[in-house]
Amino acid sequence: MKPLLWYPRLLVPSSPTTHLQVSAASSVCFSSRRFFSSRWVDRVRIVVSGGSGGPGLSTFTRDRNHECGAPDGGNGGRGGNVYIESRTDCKSLPSSQKKFRGESGGTGGRYCKDGANGEDYIIRVPCGTLVKAVFESETSSDHPSRGMAILGDLNQDGERILVASGGKGGRGNHSFHNSRKKPIDFCEQGFEGQTRVIELELKSIADVGLVGFPNAGKSCLLRAISHAKPKVAPYPFTTLRPYLGVVQAPGGDSFTCADIPGLVQGAFENRGLGHDFLRHIERTSILVYVIDIVGYDDLDIAATFHILRREVEMYNPSLVRRPSVIALNKMDLIKTDTRLLEMCENFVHEMSHEEDIPIFPVSAQERLGLSPLLSYLHEMVARIGKRHRWSSSDVEFERVLSHLVE
Ligand SMILES: Nc1nc2c(ncn2[C@@H]2O[C@H](COP(=O)(O)OP(=O)(O)OP(=O)(O)O)[C@@H](O)[C@H]2O)c(=O)[nH]1
Ligand SMILES: [Mg+2]
């Protein structure tokens, strides 16, 4: 990868923490690999049902002397439970299958043998998944409203919670036998398993989120730094849902980066798909403001950045206090339009007086200037620690807190 020498005048870190921008960074080699499949989802509702209990059996012992002896029908087996288990090797919530059911218990057997228990069903989810039960509230029978209860927060590899119990097996006629009564020719059917609607939510969608107006080159940047393949096209709103990629650093470290759909002005008022897009930004630890150096919609670089920040701030003021960087994208265009370089320099100069936010000049298309950006992000991710994952409840708390402070 070429170093940044092709636009030397722009190597201006605005933060004291950005010292590693150019020096060591160009020697750092990042590789990446395909990570999430194209059907990646961050929130999903599923229906889980425990397996039905197996039916009991009604039979009688037979021998030479008795055609119909004592009752010996066994009980049915228990239905399988449904569990949700977090696994580090699982990268995505279930997206295609919506119903999960434990296996039904087996029928009771002769000679008082119980039927086999049904197999449990284990739904594997990534670590950092919040599991909620959706239920109908009973406040008004005419208009039942839906509520949610958190069942668990799965963070460790192998952690498991029971979300639907299997039904009990029916009793065979042996269980009803009583020496004082005459033999009973009766047995129970198995009981139905528990059925629930469950919502699974990935608490943090990524370590780093790419934020920007449409066409800024976010998807192009994600393609350049990972093996994720979001569509890149010269028209706005190419990306309509988040894409994730993994950027891998030497030493086995890696961090996840999300390409988020482009924001529109007024997104904080829920214009366009505003809140839906901003919701994704909320759950990343570091924000990268991707700015097209040509500007957006007749706005210059500074105005583009300030409007973008305002959108984010108006939605949730605490977001602008999160670690952020600016990626000035499409720097290759300065080769044909030198006026752009001047504009970038003015912006960097202006920002050095205003805000303490590092600025990285890059060209996602030509893959230039990416190492310093990635080095910096890697260091930030390591510093923040992967332990802090933003969940909806964290975000809500932060939002309330920021409104109280103001
Ligand atoms: N010259 C140049 N063009 C770029 C660069 N990065 C992206 N582009 C072009 O800009 C256009 C938009 O790129 P995308 O990556 O789709 O932009 P986006 O920000 O993901 O857009 P939305 O998904 O609509 O939000 C495409 O035609 C890209 O080829 C760059 O570094 N230099
Ligand atoms: Mg895109």
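In this text, all values refer to a predicted model and were calculated from it rather than measured experimentally.

A. Fine view of the overall build of the chain. Assigned secondary structure in the chain consists of six helices and 15 strands. Across the chain, contacts joining residues at least 24 apart in sequence account for 73% of those joining residues at least 6 apart.

B. Quick look at the sheet that holds strand 5 (residues 121–126). If you trace the three strands from one edge of the open sheet to the other, you get 5-3-8, paired in mixed fashion. The outermost strands of the open sheet, each flanked by one partner alone, are strand 5 and strand 8 (160–164). This sheet shows a mean twist of 30 degrees between the axes of neighbouring strands, independent of strand direction. Looking at chain direction, strand 3 (residues 82–87) and strand 8 are connected through four bridges and run antiparallel. Its bridge partner being in strand 8, Tyr83 is matched across the sheet by Leu162.

C. Structural context of helix 3 (residues 301–315). With 15 residues, helix 3 ought to run about 21 Å at 1.5 Å a step, and its terminal C-alpha atoms sit 22 Å apart, in line with that. Three or more residues of helix 3 are buried, namely Ile301, Thr304, Phe305, Leu308, Glu311, Val312 and Tyr315. One side of helix 3 holds all its buried residues, which, seen down the axis, span an arc of 125 degrees.

D. Just the pairing of strand 10 (residues 206–211), in detail. Within strand 10, six of the six residues are buried, leaving the element largely enclosed by the surrounding structure. Across five bridges, strand 10 lies against strand 13 (residues 284–292) in parallel orientation. From the neighbouring strand, Val208 faces strand 13, where its bridge partner is Ile286.

E. Structural detail: the nonpolar core. Formed by 77 residues in total, the largest nonpolar core has its most connected members in Val211, Val288, Ile326, Ala327 and Leu328. Each of domain 1 (4–40 + 205–405) and domain 2 (43–203) gives at least three residues to this core. Beyond its immediate chain neighbours, meaning those up to four positions away, Leu328 contacts Ile291, Ile293, Cys344, Ile359, Phe360, Pro361 and Val362.

F. Spotlight on the site of ligand 1. The local shell around ligand 1 holds 24 residues, among which Gly217, Ser219, Thr239, Gly262 and Gln365 are the closest. Here the element with the most residues in the shell around ligand 1 is helix 1 (residues 218–225); it accounts for three residues. When grouped by side-chain class, the residues that make up the shell around ligand 1 number 11 nonpolar, 10 polar and three charged.

G. Broad picture of helix 1. Summarising burial for helix 1: eight of the eight residues are buried, a large majority. Taken residue by residue, helix 1 has Lys218, Ser219, Cys220, Leu221, Leu222, Arg223, Ala224 and Ile225 as its buried positions.

H. Representation of the environment of Ile184. Tracing the backbone through its elements, the reader meets Ile184 in the loop between strand 8 and strand 9 (195–202). In this structure Ile184 comes out as partly exposed when scored by C-beta crowding, with 16 C-beta atoms within 10 Å. Separated by 114 residues in the primary sequence, Ile184 and Ala70 place their C-alpha atoms 8.9 Å from one another. Other than its neighbours up to four places away in sequence, Ile184 contacts Pro71, Asn173, Phe176 and His177.

I. Geometry of the environment of Gly106. Note on placement: Gly106 falls in the loop between strand 4 (99–101) and strand 5. For Gly106, a count of 21 C-beta atoms within 10 Å puts it in the buried group. Linking Gly106 and Asn117, residues 11 residues apart in sequence, is a C-alpha distance of 6.3 Å. Contacts of Gly106, omitting those with residues within four sequence positions, involve Gly54, Gly76, Gly77, Gly115 and Ala116.

The rules behind the values
- Every chain is numbered independently, its residues counted from 1 as its sequence is written.
- Think of it this way: whatever chain is written first is A, whatever ligand is written first is 1, and the rest follow in order.
- Since the coordinates come from a predicted model, pLDDT governs what is reported: local features require at least 70, and pairs of side-chain atoms require 80 or more to be given and counted, while whole-chain, interface and lining totals use all residues.
- Only runs of H or I of at least four residues qualify as helices and only runs of E of at least two qualify as strands under DSSP, and these elements are numbered from the N terminus.
- Contacts here follow a simple rule: the backbone-placed C-beta atoms of the two residues must lie within 7 Å.
- When DSSP locates at least two bridges between a pair of strands, those strands are taken to pair.
- Where helices are involved, their axes are fitted lines through C-alpha atoms of the stretch in contact, as for all axes, and angles between N-to-C directions lie from 0 to 180°.
- Helix span, as expected, comes to 1.5 Å for every residue beyond the first.
- Residue burial here comes from a neighbour count, namely the number of other C-beta atoms, placed from the backbone, that lie within 10 Å of the residue's own C-beta, with 20 or more meaning buried, 12 or fewer meaning exposed, and in between meaning partly exposed.
- In this description, the arc belongs to the directions extending from the helix axis to the C-beta atoms.
- Any set of buried Ala, Val, Leu, Ile, Met, Phe, Trp, Tyr and Cys residues joined through C-beta atoms within 7 Å is what this text calls a nonpolar core.
- Source of the domain bounds: an automatic or database domain assignment.
- The criterion for a residue being near a molecule or strand is a backbone-placed C-beta atom within 6 Å of that molecule or strand.
- Three categories are distinguished: nonpolar for Ala, Val, Leu, Ile, Met, Phe, Trp, Tyr, Cys and Pro, charged for Asp, Glu, Lys and Arg, and polar for the others, with Gly belonging to the last.

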